[in-house]
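Below are the chains, spelled out letter by letter.
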Amino acid sequence: MKEFVLNNGVKIPAVGLGVFRVEDANIAYETVKMALSVGYRHIDTAMIYGNEEAVGKAIKDSGVPRQDIFLTTKLWNADQRSGEIQDAINSSLKRLDTDYVDLYLIHWPVKETYVSVWKDMEHLYKQGKAQAIGVSNYNPHHLDDLLKEASIVPAVNQIECYPYLTQEDVISYCKSKKIYPQAWGPLGAGKSDILSNPVILALAEKYKKTPAQIVLRWNVERGVIVIPKSVHKERLIENLNITDFELSVDDIAKVSALNKNQRLGSDPETFNF
């Protein structure tokens, strides 16, 4: 499996499984266990998803050693506002039944705390509760503010990113600061027609791959980590198997040209939760 190396030397698989909107505990458990059985070694969850316990149990029952799995969870907005950062990660670790996570992210740039909370994140990192720390849904100006106060540069910025929302400016900024960009909703989060777009269909035919594989490979070729979600075995396998081909520079540009700055999730500048 292709891996990227974060700015602190930690390796992260380029493709992971996202479990956003997998609220049913049994489905979350079976999905994570199945994903690990077909070769996934990167699982992305969050406190607010309500499935950390199921994810942790699936990891325990999978037979895959914990040290071979890259596990991400996130600090929710209410915990930022309350200042209960230690309690938040301790609760997540308890639900996940693990002593550490590989990556702990600030879930959203809460207006009042998106800078000040970073000191707490650095403390968790120094305690060893997270092997790497980062942010999610931060725009360049958020990161500018954070970096003025930071002792540790975030390892990752997880952002919504798919061909109709290419996020070129955010990705370029992150790379200039040695922050790895990571895409949530990389296949359009089930709300887009991207997988039936004629450009994507033509490239799928050209490379003898599925539309989803083309879209995921496009992001990976740009140096973006992807965490597609699926609960179906055949799709899990399909999404993982994108390392045996490369898109040409021209074809990467064709996909990028589909951009229309179309968000399917909340805007980091205007979210209200």
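This one's a predicted model, so the numbers in the text were calculated from it and none came from an experiment. (Residues numbered from 1 in each chain as written. Predicted model: local features only at pLDDT ≥ 70, side-chain atom pairs only at ≥ 80, totals over all residues. Heavy atoms only, no water.)

Comments concerning helix 6 (residues 140-149)
Among all positions in helix 6, only Pro140, His142, Leu143 and Leu146 are buried. Buried residues along helix 6 cover an arc of 150 degrees about the axis, so they all sit on one side. Where helix 6 is buried, its residues touch helix 5 (117-127), strand 7 (133-136), strand 8 (156-160) and helix 7 (168-176). (Buried < 20%, exposed > 50% of the residue type's maximum accessible area, 1.4 Å probe, protein only. Helix = DSSP H or I, 4+ residues; strand = E, 2+ residues; numbered from the N terminus. Arc of directions from axis to C-beta. Contact = heavy atoms within 4.5 Å.)

Here we look at the packing of helix 8 (residues 198-207) against helix 9 (residues 211-221)
Two quantities define a packed helix pair, namely the angle between the axes and the distance from one axis to the other. Closest axis-to-axis distance for the helix 8/helix 9 pair is 8 Å, and the angle between their directions is 95 degrees. Relative to helix 9, the element helix 8 lies roughly perpendicular. Where helix 8 approaches helix 9, its residues Ile200, Leu201, Leu203, Ala204 and Tyr207 are matched on the opposing element by Pro211, Ile214 and Val215. Residues of the contact of helix 8 with helix 9, tallied by class, amount to eight nonpolar, no polar and no charged. (Axes fitted to C-alpha atoms, helices over the stretch in contact; angles between N-to-C directions. Parallel < 35°, antiparallel > 145°, perpendicular 65-115°, else oblique. Nonpolar A, V, L, I, M, F, W, Y, C, P; charged D, E, K, R; others polar.)

Quick word on the pairing of strand 7
Going residue by residue along strand 7, you find Ile133 and Val135 tucked away on one face and Gly134 and Ser136 tucked away on the opposite face as well. Inspection of the sheet shows strand 6 (residues 103-106) paired to strand 7 by three bridges, in the parallel sense. Within the sheet, the bridge partner assigned to leucine 105 lies in strand 7 and is glycine 134. (Pairing = 2+ DSSP bridges.)

Here's the deal with the pattern of salt bridges
Close approach of charged atoms allows side chains with opposite charge to pair. Tallying each qualifying case throughout the model produces 13 salt bridges. Residue aspartate 97 pairs with lysine 60 through a salt bridge whose shortest N-O separation is 4.0 Å. Here aspartate 97, found in the loop between helix 4 (85-96) and strand 6, pairs with lysine 60, found in helix 2 (residues 52-62); they are 37 residues apart in sequence, far enough to count as distant. Classification of lysine 60 as exposed rests on a relative accessible area of 52%. A salt bridge links arginine 66 to aspartate 102, with the shortest nitrogen-to-oxygen separation between them at 3.0 Å. Residue arginine 66 is located in the loop between helix 2 and strand 5 (70-75), and its partner aspartate 102 is located in the loop between helix 4 and strand 6; the two are separated by 36 residues in the primary sequence. Each member of the pair, arginine 66 as well as aspartate 102, carries the same accessibility label: buried. (Salt bridge = Lys/Arg side-chain N within 4 Å of Asp/Glu carboxyl O.)

Structural notes on the sheet that holds strand 8
Note: strands within a sheet are paired through backbone hydrogen bonds, in either parallel or antiparallel orientation. Reading across the sheet, the eight strands line up as 3-4-5-6-7-8-9-10 and stay open at both edges, with parallel pairing between neighbours. Two strands close off the open sheet at either side, each with one partner strand: strand 3 (17-18) and strand 10 (225-226). In this structure, strand 7 lies alongside strand 8, joined through two bridges in parallel fashion. Counterpart to valine 135 in the pairing with strand 8 is asparagine 157. Contacting strand 8 and strand 9 (180-184), helix 7 runs over the sheet at an angle of about 175 degrees to strand 8.

Quick look at the UniProt feature "domain: NADP-dependent oxidoreductase" (unreviewed entry) in the protein
According to UniProt, the "domain: NADP-dependent oxidoreductase" (unreviewed entry) feature falls on residues 24-259. Split by type, residues 24-259 is 46% helix and 12% strand. Its first and last C-alpha atoms lie 33 Å apart. (UniProt positions renumbered as here; feature names shortened; annotations may be inferred.)

Examining the nonpolar core
Grouped together as the largest cluster of nonpolar side chains are 87 residues, with contacts concentrated most on Val32 and Tyr104. Among the elements that line this core, the one with the most residues is helix 9, at six residues. In this structure, tyrosine 104 is in contact with Thr73, Lys74, Leu75, Ala88, Ile89, Met121, Leu124, Ala130, Ala132, Ile133 and Gly134, ignoring residues within four places of it in sequence. (Core = buried A, V, L, I, M, F, W, Y, C linked by side-chain atoms within 4.5 Å.)

Describing unusual backbone geometry
Of note, the phi angle at arginine 21 is positive, near 65 degrees, even though the residue is not glycine. Counting through the fold element by element, arginine 21 comes out in the loop between strand 3 and helix 1 (25-37). Look at arginine 21 and you get partly exposed, because its relative accessible area is 39%. Unusually for a residue other than glycine, asparagine 261 sits at a positive phi of about 50 degrees. According to the relative accessible area criterion, asparagine 261 is exposed, its value standing at 58%.

A word on the side chain of threonine 166
Along the chain, threonine 166 falls in the loop between strand 8 and helix 7. Residue classification places threonine 166 among the buried positions, given a relative accessible area of 2%. Sequence-distant contacts of threonine 166, that is, excluding residues within four places in its chain, are made with Cys161, Ile171, Trp218, Arg222, Ser256 and Asn259.

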